[in-house]
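# Breakdown of the fold
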Amino acid sequence: MKRFEKVYSQGTVNVTEIWIDKETGVNYLWHNCGNAGGFTPLLDENGVPVITKKEQL
């Protein structure tokens, strides 16, 4: 079983994706631009990590 599931993708050269950790439900933002990229927890407007409930996966 794969732990992470990609649920959103946008772009080809500048890529933005949202991944969900299926064990914890935490959503992560991946952004890639050229040779650089970053992977970080996706936060809501209050700075709290966005969590998808297991029933929604």
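Residues numbered from 1 in each chain as written. Predicted model: local features only at pLDDT ≥ 70, side-chain atom pairs only at ≥ 80, totals over all residues. Heavy atoms only, no water.

## So, the sheet that holds strand β1 (residues 4–10)
The sheet built from 4 strands is open, its strands ordered β1-β2-β3-β4 with antiparallel pairing. Here the strands that pair on one side only, and so sit at the sheet edges, are β1 and β4 (36–41). For this sheet the average axis-to-axis angle between neighbouring strands, irrespective of direction, equals 20°. Of the pairings in the sheet, the one linking strand β3 (residues 27–33) to β4 comprises 6 bridges and is antiparallel in character. Residue pairing for β4: C33 is matched across the bridge by A36. (Pairing = 2+ DSSP bridges. Helix = DSSP H or I, 4+ residues; strand = E, 2+ residues; numbered from the N terminus. Axes fitted to C-alpha atoms, helices over the stretch in contact; angles between N-to-C directions.)

## A short note on the packing of aromatic side chains
Evaluation of the coordinates by the stated rule reveals 3 aromatic pairs. With centroids separated by 6.0 Å and ring planes inclined at 70°, the aromatic side chains of F4 and Y28 adopt a geometry described as edge-to-face. Remark: Y28 occurs in strand β3 and F4 occurs in strand β1; sequence separation between them is 24 residues. Looking at Y28, the relative accessible area reads 18%, which means it is buried. Measuring from centroid to centroid gives 6.2 Å for F4 and F39, while their planes differ by 75°, and the two rings are edge-to-face. On the criterion of sequence distance, the pair formed by F4 in strand β1 and F39 in strand β4 is long-range, its members being 35 residues apart. (Phe/Tyr/Trp six-rings, centres within 6.5 Å; stacked < 30°, edge-to-face > 60°. Buried < 20%, exposed > 50% of the residue type's maximum accessible area, 1.4 Å probe, protein only.)

## A short note on the pairing of β1
Pairing geometry for β1 and strand β2 (residues 14–21), over 6 bridges, is antiparallel. Bridge pairing links K6 to W19 in β2. The antiparallel pairing of β1 with β2 creates a hairpin that spans 3 residues between the two strands, and G11 there sits at a positive phi of about 95°.

Geometric descriptors of this kind do not, in isolation, establish any biological role.
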